[in-house]
Amino acid sequence: MMVNGRTWPYLNVEQKQYRLRFLNGDNSRFLILQMDNGMNFTQIGAEGGFLASPAMLNRLLLGGAERADVIVNFTNIPVGTNITLQNVGPDEPFGGGVPCPIGQDPITNPGCGDFAPANPATTGRVMQFRVVAATTPDTSTPADQITLPPIVPLGAENKVRNLSLNEECSNSSLTGFQCPKAALLGTVMFNATTGAPMGMPMMWGDAVTENVTLGDTEIWDIYDFTVDAHPIHLHQVMFQVVNREVFDPAFGVVGTITLPEPGETGWKDTVIAYPGQITRIKARWDIAGLYVWHCHILEHEENEMMRPYTVSAPPVVPKLNITATPTTVTVGVPTNVNFTVTDGVTPVSNAAVTLSGNATGTGTTNVNGNVVISVNATAQGTITSTATSTGYTDGTTTLSAIAPPVTIQNLIKNPGFESGKTPWLFYTNGVGTFNVWPPAYAGNNSARLAFSTAGTNMQLYQQGVALEPNTRYQLSFAAYSNTGHDIRVRLLKQVTPYTPYGLDYTANLGTSWAVFTTQFTTSGFASNVTDGRLQFWLVPFAKAGDTYYIDNVRLEKVSTTPVLPGIVTHPAGQTVVTGQTATFSVVATGTSLSYQWQKNGTDIAGATGASYTTPPATLADNGSVFRVNVTNSVGSIISNGAVLTVLPVTP
Ligand SMILES: [Cu+2]
């Protein structure tokens, strides 16, 4: 036995704790190290660093290339004591198990253990520690009080690989039956019926079967189909031992699971695989390259027990880019939408474009990456357009399906008196005139009512107004009078008994044009009528000398079905110089809309109109993105962002 280049050396140790690093450099021997005085020692590390917690040991098992960081406490060993570090591993291939006492073997001493320990005169002697007095106090932390940094567990695995350790025999007329003849790594096949595992040996030169994706965490289930234990070493990566599980080549996995040994709780790069067991390790590969894994018994490794494996970045799958023109369609109005599909740069032909959501349809792009699909939206909302092509990741874009513009019907004929008096009628039992006359609130004309003598019946009215029962309507009109005297507006049955139809509103006129609006619900009739009279009633307001002007009379049904917000025109980017303001605006459809402008995704206090004007811009505002969230009681939509570009003032 050679230690650090010397055969059977000794080391003077003071009565202190010593930290020793063991590396089993034997070409094939498994070492089981112990002190001949039976003292315990503490393992704190393995190949890849500290263990999860210190492990108090009496024996240390090391396969070839395994390492151990050990603390031995000689403090209480009497000066002059010589302690021999022994190896009680076998002088033959190791298959697990425990040694018989030194000098015994299982054949002559049945039940003493699994194998005879190494020859105590030669391979059973490793080195000697000779205890001397301490020259200085020992200030180190006692091994049982050491706290080791935690081992962070690996996350869930991306893949489980089944790998095998195999032996092959030969039987030729020349050499006779020889076993084992070759030792090989390989993969595992499972019997489709019984699930029994079968090793699939592979040669060094066979195609690489272990191709790990960079960044992946994998579990490797290493099935040992041989009769011996093998120290299995992976290059490049440190792994954790998950557990071991007994398997039977005839019946599959038996299910007896053993957890890692106390000395295996840290990061490792070499692990002992036992015959008849699955040795399960877990690692995350974070460096790409071509590596090997192999048995660290050199005679095996130099035979066929080494295989290459690769770690490669996952193939980059380009993503399709799909754009649409236009991006807004109207419900119920088939619209030709031109889709363009590229790989980000170049047009992609023969890409399938599929619509889903509130419209369906398909098409295939031409050589220019274009396809026109007639989009007929069935409801308001989003239409998803997906581009698919072999070798690419799907690309998607969305279209907005908005409600058709609400056509608001004015139930009043000749509402602005632009067509003369008809069908308006005027009556007074005093003295007055009705003319169509400038000035107008809008257009060229308005109704001009002039009274020289007030009466008890003074009205301007229109008959034949069609109304629905118990329905919400809105009346609006523009008016003023030369004295600011008021006016009353009513809806009633046009003939006796002049049943009130739900509107009775008095407008507080001024002496210049103003618009008056009121809403009401029809009443006084049960089914649709066409005999409504809209009546401007001047009693008791109009006095002799008063002149009234009326224009733009609108009587409209109030929509009771809320319409989702939709954006017709998105805000556009603006460029200003420092100190200037910028105004962003949006055109949206829908009922009872509310607006909230945002700067870089954050609401702007008080910016709640269809347009928003910024404070004077500074260079810090350059590149800010403004958008608006349009909402109502049934939904919301966020506009595209518009970028504010702020240029410095040119000197
Ligand atoms: Cu081996």
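How each quantity is defined
Residues numbered from 1 in each chain as written. Predicted model: local features only at pLDDT ≥ 70, side-chain atom pairs only at ≥ 80, totals over all residues. Heavy atoms only, no water. Helix = DSSP H or I, 4+ residues; strand = E, 2+ residues; numbered from the N terminus. Buried < 20%, exposed > 50% of the residue type's maximum accessible area, 1.4 Å probe, protein only. Donors = N, O, S within 2.8 Å, 3.2 Å for Na, K, Ca; no water. Core = buried A, V, L, I, M, F, W, Y, C linked by side-chain atoms within 4.5 Å. Contact = heavy atoms within 4.5 Å. UniProt positions renumbered as here; feature names shortened; annotations may be inferred. Salt bridge = Lys/Arg side-chain N within 4 Å of Asp/Glu carboxyl O. Domains from an automatic or database assignment.

The name given to the protein in an unreviewed UniProt entry is Cell surface protein, with Candidatus Methanoperedens nitratireducens as the source organism.

Draft legend 1. Layout of the environment of F129. By secondary structure assignment, the location of F129 is in strand β11 (residues 125-132). What makes F129 buried here is its relative accessible area of 1%.

Draft legend 2. View of the coordination of the copper ion. With distances of 2.0 Å, the protein atoms coordinating the copper ion are H230 (ND1), C295 (SG) and H300 (ND1). The motif formed by the donor residues of the copper ion, counted along the single chain, is H-x64-C-x4-H. On the criterion of sequence distance, the pair formed by H230 in strand β17 (residues 230-234) and H300 in helix α1 (residues 298-301) is long-range, its members being 70 residues apart.

Draft legend 3. Geometry of the nonpolar core. Judged by nonpolar contacts, the single largest core of 38 residues is most densely connected at L467, F477, L534, F536, I550, V553 and L555. Listed by contribution, the elements that provide at least two residues to this core are β34 (446-453), β35 (458-467), β36 (472-481), β37 (487-493), β38 (500-507), β39 (514-521), β40 (529-537) and β41 (547-557). Beyond its immediate stretch of four places on either side in the chain, L534 contacts I412, W424, L460, Y461, Q462, V465, L475, V489, R490, L491, L503 and V553. In this structure, L163, L165, W293 and C295 belong to the second largest nonpolar core, which totals 32 residues.

Draft legend 4. Focus on the UniProt feature "domain: Big-1" (unreviewed entry) in the protein. When the UniProt feature table is mapped to this numbering, "domain: Big-1" (unreviewed entry) covers residues 319-402. The span residues 319-402 is 0% helical and 57% strand by assignment, and the distance between its end C-alpha atoms comes to 29 Å.

Draft legend 5. Inspection of the environment of G186 at higher detail. Take G186: it is sitting in strand β13 (residues 176-190). Residue G186 is classed as buried on the basis of its relative accessible area of 3%. In the structure, G186 is positioned 17 residues away from M203 in sequence and 7.8 Å away in space, judged by C-alpha atoms. When neighbours within four sequence positions are excluded, G186 is seen to be in contact with L163, S164, N166, M200, P201, M202 and W293.

Draft legend 6. Seen up close, the pattern of salt bridges. Tallied over the entire structure, the rule returns 18 salt bridges. In this structure, K282 and E157 form a salt bridge, with 3.9 Å as the shortest nitrogen-oxygen distance. Remark: E157 occurs in the loop between β11 and β12 (159-172) and K282 occurs in strand β21 (residues 277-284); sequence separation between them is 125 residues. With a relative accessible area of 36%, E157 lands in the partly exposed category. The partner of D286 in a salt bridge is R284, with the nearest N and O atoms 4.0 Å apart. Given the relative accessible area of 49%, D286 is considered partly exposed. When its relative accessible area of 39% is taken as the criterion, R284 is described as partly exposed. If you follow the salt bridges from partner to partner, you end up with R19, R21 and D69 in one network.

Draft legend 7. Quick look at the domain arrangement of the protein. For the protein, the domain assignment lists domain 1 (2-145), domain 2 (159-312), domain 3 (321-402), domain 4 (425-557) and domain 5 (566-647). Using only C-alpha atoms to locate each centre, domain 1 and domain 4 end up separated by 112 Å.

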